[in-house]
Amino acid sequence: MPEAGSREEGRGPAGGYGAAEPRRSGRRGPSVVLGVSAGIAAYKACELLRLLTESGHHVRVVPTGEALRFVGEPTWAALSGNPVATGVWDSVHEVPHVRIGQGADLVVVAPATADVLARAACGLADDLLTNTLLTARCPVVFAPAMHTEMWEHPATRANVATLRRRGAIVIEPAVGRLTGADTGRGRLPDPGEIFEVCRRVLSGRRADLTGLRLVVSAGGTREAVDPVRFLGNRSSGLQGYALARTAVARGAQVTLVAANVTLPDPAGATLVRVESALELRDAVLEAVKESDAVVMAAAVADFRPAARSGSKIKKSSAEPEPIPLVKNPDILAELGERRREGNAPCPRVIVGFAAETDDVLANGRAKLARKGCDLLVVNQVGEGLAFGTPDNAAVVLGAEGERVEIPRGPKEDLADVVWDLVARRLA
Ligand code: CTP
């Protein structure tokens, strides 16, 4: 693994993946090569293929020979509307072993087995897919899926590091049920989320965050009153998830600490689920030990009930009992404090969000100073603003007095601007 913040892993040398500017043919959507290798998750690639074709991408499926044991050639041909070959000896006059890779705007390999990662890392060219990977100069995304032991094996770790160093995006597998009764890391992420990574990569962003380890908190904490009730807030987690998704698509390794979010798990992010502010604090402090930057997008409850009733509070008395509250720790301020004191591992860049309903900028500036963070993303919240909507607008305030306006737009666009500012500080 690269050193924290190492830029060496990031750019992909000349001739590596993503070396050429993304090509676009004028008449049709982007050309995508979908590589499929021999894992049980090959059936999930059918859904990825559909998502790609239905959104206007021209897709050529290149399975390995063994992958066809899981899903047959007619399925790929019918769903893609294109011929399917696994070896280099079909339609030789079209020189497919070179042309398919050369003509692609994106190559995505899903699922990517340990074997295909190894062959790609070694530069082998023993079938059409590995030939394509050698001739592609466009961005390449690998979505690995395998048993946990294979993913964790030093050989696979080294192959993944090599591919990342060359500019490929290798997204972390999800944790969950594997083949048979096993569970663990190694599951192919949700096809819809792999599609989102492809969409972001095709939007023209480079894998410029490769080698960086980033922590994002998302959602809203719940502070238990009794077994059935809690104090909570309206945060949906959309902005935090957009931050995680965009960072993965730019090559970063992301830990996402999610408080009560019901959105699909973003592909490639390591998800830690929490409920309360205290749990969120523990998870964030653990995750930041080995990270380059943290973005606190979660809405953390400032107060929690002083005591949690063990049984449901009944409405037996005529007047409701007051619920005494105590203050929760301010996690963002604590991170700033730890960094100032320098006695605990702390990320180099700390970013906060500020949800304000009134005096947005003045409150934002005061908060930036109070919390000791590097950047504060200030947005106005309230009815129909920010919470639960796909769009957001914000002003980012920097500790050195910078001010960057982000006009209303998709939360992914706002996330990309935040990562641009973080990357500039880490460079
Ligand atoms: N935050 C935190 N811990 C808390 C409260 C907030 O880490 N106990 C973080 C949030 O994740 C966010 C930033 O601090 O990044 C600002 O949160 P916000 O709710 O806007 O501010 P508060 O600190 O709660 O201040 P106030 O309620 O006075 O606006």
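Quick caveat, the model's predicted, so the values are computed rather than measured.

1. Observations regarding the domain arrangement of the protein chain
When the parts come together, some accessible area is lost, and that loss is often what is quoted as the size of the interface. Looking at the protein chain, the domain boundaries give domain 1 (31-202) and domain 2 (213-426). Using only C-alpha atoms to locate each centre, domain 1 and domain 2 end up separated by 34 Å. Taking both sides of the interface into account, the surface hidden between domain 1 and domain 2 amounts to around 1,100 Å²; carbon and sulfur atoms contribute 57%. For the domain 1 face of the interface with domain 2, the top three residues by lost area are E172, E193 and R200, together amounting to 51%. Our count for the domain 1 to domain 2 interface comes out at 2 salt bridges. Here R245 ties to E193 by a salt bridge, and the two come within 2.9 Å at their closest N and O atoms. Across the domain 1-domain 2 interface, the total number found is 2 residue pairs in polar contact (both at pLDDT 80 or more). Broken down by element, the residue count for the side of domain 1 that touches domain 2 peaks at 6 residues, all from helix 8 (residues 191-202).

2. As for the nonpolar core
Core analysis: the largest hydrophobic core is formed by 70 residues, its most contacted members being L34, W76, V108, I194, L243, W419 and V422. Ranked by residues supplied to this core, first place goes to helix 13 (residues 411-426) with 8 residues. Residue contributions to this core reach at least three from each of two domains, namely domain 1 (31-202) and domain 2 (213-426). In this structure W419 touches L209, L214, V216, L243, T246, A247, R250 and V295, once residues within four positions along its chain are discounted. I100, A112, A114 and L117 belong to the second-largest nonpolar core, a separate cluster that totals 27 residues.

3. Considerations on the site of the ligand
Around the ligand, 16 residues are found, and the nearest of them are M296, A298, L332, K367 and K371. Between the ligand and the protein, one listed contact pairs a nitrogen atom with a backbone N or O atom of P329 at 2.9 Å. K371 is positioned such that a nitrogen or oxygen atom in its side chain is 2.5 Å from an oxygen atom of the ligand. Taken by itself the ligand offers 570 Å² of open surface, and the protein chains cover 79% of this.

4. Some thoughts on the sheet that holds strand 13 (residues 293-296)
Across the sheet, which stays open at both edges, the 8 strands sit in the order 12-11-8-13-16-17-18-19 with mixed pairing between neighbours. One side of each edge strand has no neighbouring strand; the edge strands of this open sheet are strand 12 (270-274) and strand 19 (403-410). Ignoring strand direction, the axes of neighbouring strands in this sheet form an average angle of 15°. The pairing of strand 8 (residues 213-219) with strand 13 spans 4 bridges and is classified as parallel.

5. Remarks on the pattern of salt bridges
A pair can form between side chains of opposite charge whenever their charged atoms are brought close. All told, the structure shown has 29 salt bridges when counted by the stated rule. Two residues, D374 and R339, come together in a salt bridge whose shortest N-O distance is 2.8 Å. Note that D374 is positioned in the loop between helix 12 (360-371) and strand 17 (375-380) and R339 in helix 11 (residues 331-341), a separation of 35 residues in sequence. D374 gets classed as buried once you look at its relative accessible area, which sits at 12%. R403 serves as the salt-bridge partner of E405, at 2.5 Å between the closest nitrogen and oxygen. Owing to a relative accessible area of 44%, R403 belongs among the partly exposed residues under this scheme.

6. Regarding the packing of aromatic side chains
For the coordinates displayed, the defined rule picks out 1 aromatic pair. Seen in terms of ring centroids, Y17 and F142 are 6.4 Å apart; in terms of plane orientation they differ by 65°. Their pairing is edge-to-face. Linking Y17 in the segment before strand 1 (31-36) with F142 in strand 4 (residues 140-144), this pair joins segments that are 125 residues apart in sequence. Here the two residues Y17 and F142 agree in accessibility, since each one is buried. Over the ring of W151 we find R157, and its NZ or CZ is 4.5 Å from the ring centre.

7. As for the layout of surface pockets
Empty space within the largest pocket amounts to approximately 990 Å³. In this structure, the largest pocket is lined by 41 residues; those nearest its centre are A298, A299, V300, F353 and A355. Where the lining of the largest pocket is concerned, the elements lending two or more residues are helix 9 (238-249), helix 11, strand 16 (349-356) and helix 12. The element contributing the most residues to the lining of the largest pocket is strand 16, with 4 residues. Looking at the lining of the largest pocket, its residues break down into 19 nonpolar, 14 polar and 8 charged.

Cut-offs applied
Residues numbered from 1 in each chain as written. Predicted model: local features only at pLDDT ≥ 70, side-chain atom pairs only at ≥ 80, totals over all residues. Heavy atoms only, no water. Domains from an automatic or database assignment. Buried area = accessible area lost by both parts, 1.4 Å probe. Salt bridge = Lys/Arg side-chain N within 4 Å of Asp/Glu carboxyl O. Polar contact = N/O pair within 3.5 Å; in protein donor to acceptor, adjacent residues only side chain to side chain. Helix = DSSP H or I, 4+ residues; strand = E, 2+ residues; numbered from the N terminus. Core = buried A, V, L, I, M, F, W, Y, C linked by side-chain atoms within 4.5 Å. Buried < 20%, exposed > 50% of the residue type's maximum accessible area, 1.4 Å probe, protein only. Contact = heavy atoms within 4.5 Å. Near = heavy atom within 4 Å. Areas by Shrake-Rupley, 256 points an atom, 1.4 Å probe, with all protein chains shown as cover. Pairing = 2+ DSSP bridges. Axes fitted to C-alpha atoms, helices over the stretch in contact; angles between N-to-C directions. Phe/Tyr/Trp six-rings, centres within 6.5 Å; stacked < 30°, edge-to-face > 60°. Lys NZ or Arg CZ within 6 Å of the ring centre and 35° of its normal. 1 Å grid on protein atoms, 1.4 Å probe; cavity = no way out; pocket = protein on both sides within 12 Å on 5 of 7 lines; lining within 4 Å. Points joined across faces, edges and corners; volume = space filled by probe spheres on them. Nonpolar A, V, L, I, M, F, W, Y, C, P; charged D, E, K, R; others polar.

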